[in-house]
Amino acid sequence: MGNGKCANRRSDTENGEEQVITEESNHSFITNRPAEEQSTFTEEINEAGDIFYKFVILHAEADESEAIRVKNMLQDEFNIKPGLIFAEMPAGQQILKNLDRAVNGSAWTILLLTENFLREAWCEFQSHATLINSIHMQHKYNSVIPVRPKHNYLPRQKTPFALKLINSLEEGNPEFSKQVQKTFRDSLYKKQYDIWKAEKDSMEF
């Protein structure tokens, strides 16, 4: 990619509540969760062999290694899998098509908020597109999750206004682990998978 494009080649959790798009601007590990709350849906595949991911990380091109680190952390420490990063999407396809497949082929869309995020105009487009998608598609409501990693994170005061309206997950926050478990709920994942599968099945007829 050239300047202004995210990769596609081949702390702000303030109130401890669930992520909500508000009208105002405003790790206990997985093993500590009650048995009924622990992850059971590790990978869902439809008849065509398509995988419905738990999350996709949208990131600046310069942050590919950081996105991989965050993906591995969520998968290995919290058992939230499968996940992928945008740079892992198939090469040679139109970037807008890959964005659509990434967002609609996963339960949650993570925006990796770093200083690099603001330097690439395509990242700004991605954030707006995913927010609009979450508003217009009921099952995608609360599915966009801004994450500030430990390194080179984007300060709140420099965060675009639209993203300030959503509670972010901050890796450096002492409550990060609890917030991750609270955000990535199996019930929501299963609901979104069922909708995705029904849409995929209907396209085969």
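Computed from a predicted structure; not experimentally measured. (Residues numbered from 1 in each chain as written. Predicted model: local features only at pLDDT ≥ 70, side-chain atom pairs only at ≥ 80, totals over all residues. Heavy atoms only, no water.)

### Thoughts on unusual backbone geometry
Here the bond from K81 into P82 is cis, since omega is 5°, no more than 30 degrees from zero. If you trace the backbone, P82 turns up in the loop between α1 (64-78) and β3 (83-85). Here the phi dihedral of N152 falls at roughly 55°; this positive angle occurs in a residue that is not glycine. With respect to the helices and strands, the residue N152 is situated in the loop between β5 (144-148) and α5 (161-164). Residue class for N152 comes out partly exposed when judged on its relative accessible area of 40%. (Helix = DSSP H or I, 4+ residues; strand = E, 2+ residues; numbered from the N terminus. Buried < 20%, exposed > 50% of the residue type's maximum accessible area, 1.4 Å probe, protein only.)

### Here's the deal with the pairing of strand β4 (residues 106-112)
In terms of burial, β4 is a largely internal element, seven of the seven residues being buried. Strand direction decides the pairing type here: strand β2 (residues 51-58) and β4, joined by five bridges, are parallel. Bridging across to β4, V56 finds its partner in T109. Note that β4 and β5 share four bridges and pair parallel. Note on β5: the bridge partner recorded for L112 is V147. (Pairing = 2+ DSSP bridges.)

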